[in-house]
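# Overview (structure and organization)
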Amino acid sequence: MTCYDRQDLGLLLLRLGTGGVLAAHGSQKLFGWFGGGGIEGTGAAMEMMGYSPGRQSATMAGLAETGGGALLALGLATPAAGAAAAGAMVGATAVHAPNGFFAAGGGYEYAASLALTAAGLAVTGPGRLSLDHALGHAVNRGWMVPAALAVTGAATAVVVGLRNRRVREAAAESGQETLFDEADAVFGK
């Protein structure tokens, strides 16, 4: 008989809460559920935020959030799930960075918190109350953590870098370049 400890329960709560929020958020993008814009509406919004092409960006962000969130909640493929979700939230952080830290002012506080929690779960693992544990950690090996975080980190850096360049170019054309100085300080020029 297996005895679960408070660490297992704590990881379960973190996974269910973070994964559930991410899956719901992503389903707004993919399916238009919970008042979301679906692929078309989110794609148009992504274009306006500098993520191009918008429809593809909406699909990728929606899949990373919905899939990553669902897998985190289940505790399955935790390194890949956490890394994918964290990457999507870093993309959201880039959009909110010009508004400062606090979410009340439109800042990146919430997106960064989700990114850090998802990355933390990828590193820590799902605990014993998970599908990864039940399946003998077949898709949760130690080497998968740095691999998933490195691949996602590199892809996210490219996507956010291209987005930041598009935003800077659009701002320069309209004479509003100073709006993005804080984002450049956070994410680099």
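Just so you know, these numbers come straight off a predicted model, no measurement behind them.

### Details of the overall build of the chain
The helix and strand tally for the chain stands at 8 helices and 0 strands. Its helices and strands taken in sequence order, the chain reads α-α-α-α-α-α-α-α from the N to the C terminus. Taking 189 residues into account, the globule formula puts the C-alpha radius of gyration at 16 Å, and the chain, at 17 Å, falls close to it. Dimensions along the principal axes, computed over C-alpha positions, put the chain at roughly 65 × 30 × 30 Å.

### Section: the packing of helix α3 (residues 54–74) against helix α4 (residues 78–96)
Running from amino to carboxyl end, α3 crosses α4 at an angle of 140°, the nearest separation of the two axes being 8 Å. Viewed along their axes, α3 and α4 adopt a mutual orientation that is oblique. Two packed elements cross with a definite hand, and for α3 against α4 that hand is left-handed. Across from Ala61, Ala64, Glu65, Gly68, Leu71 and Leu72 in α3, the residues of α4 making contact are Thr78, Ala81, Gly82, Ala84, Ala85, Ala88 and Met89.

### Quick look at the pattern of salt bridges
All chains considered together, the criterion is met by 5 salt bridges. The partner of Glu169 in a salt bridge is Arg165, with the nearest N and O atoms 3.9 Å apart. You can see Glu169 and its partner Arg165 sitting in helix α7 (residues 144–174), 4 residues apart, about one turn around the helix. Residue classification places Glu169 among the partly exposed positions, given a relative accessible area of 45%. Through salt bridges with shared partners, a single network forms among Asp5, Asp8 and Arg128.

### Describing unusual backbone geometry
In this structure, Pro53 follows Ser52 across a cis peptide bond, with omega equal to 0°. Structurally, Pro53 can be placed in the loop between α2 (38–49) and α3. Unusually for a residue other than glycine, Phe34 sits at a positive phi of about 55°. The backbone of His137 sits at a positive phi, close to 60°, despite the residue not being glycine. The topology assignment puts His137 in the loop between α6 (131–134) and α7.

### Things to note about the nonpolar core
Counting residues in each nonpolar core, the largest one holds 12 residues, listed as Leu11, Leu22, Leu72, Ala81, Ala85, Ala86, Met89, Ala111, Leu114, Ala115, Ala118 and Leu121. Those elements giving two or more residues to this core turn out to be α1 (6–31), α4 and α5 (109–124). Not counting residues within four places of it along the chain, the set of residues in contact with Ala85 comprises Leu22, Ala64, Leu72 and Ala118. Of all hydrophobic cores here, the second largest spans 7 residues; its members include Met46, Tyr51, Val95 and Val160.

How each quantity is defined
- Residues numbered from 1 in each chain as written.
- Predicted model: local features only at pLDDT ≥ 70, side-chain atom pairs only at ≥ 80, totals over all residues.
- Heavy atoms only, no water.
- Helix = DSSP H or I, 4+ residues; strand = E, 2+ residues; numbered from the N terminus.
- Rg over C-alpha atoms; globule rule 2.2 N^0.38 Å.
- Axes fitted to C-alpha atoms, helices over the stretch in contact; angles between N-to-C directions.
- Parallel < 35°, antiparallel > 145°, perpendicular 65-115°, else oblique.
- Left-handed = near helix turned anticlockwise from the far one by under 90°.
- Contact = heavy atoms within 4.5 Å.
- Salt bridge = Lys/Arg side-chain N within 4 Å of Asp/Glu carboxyl O.
- Buried < 20%, exposed > 50% of the residue type's maximum accessible area, 1.4 Å probe, protein only.
- Core = buried A, V, L, I, M, F, W, Y, C linked by side-chain atoms within 4.5 Å.

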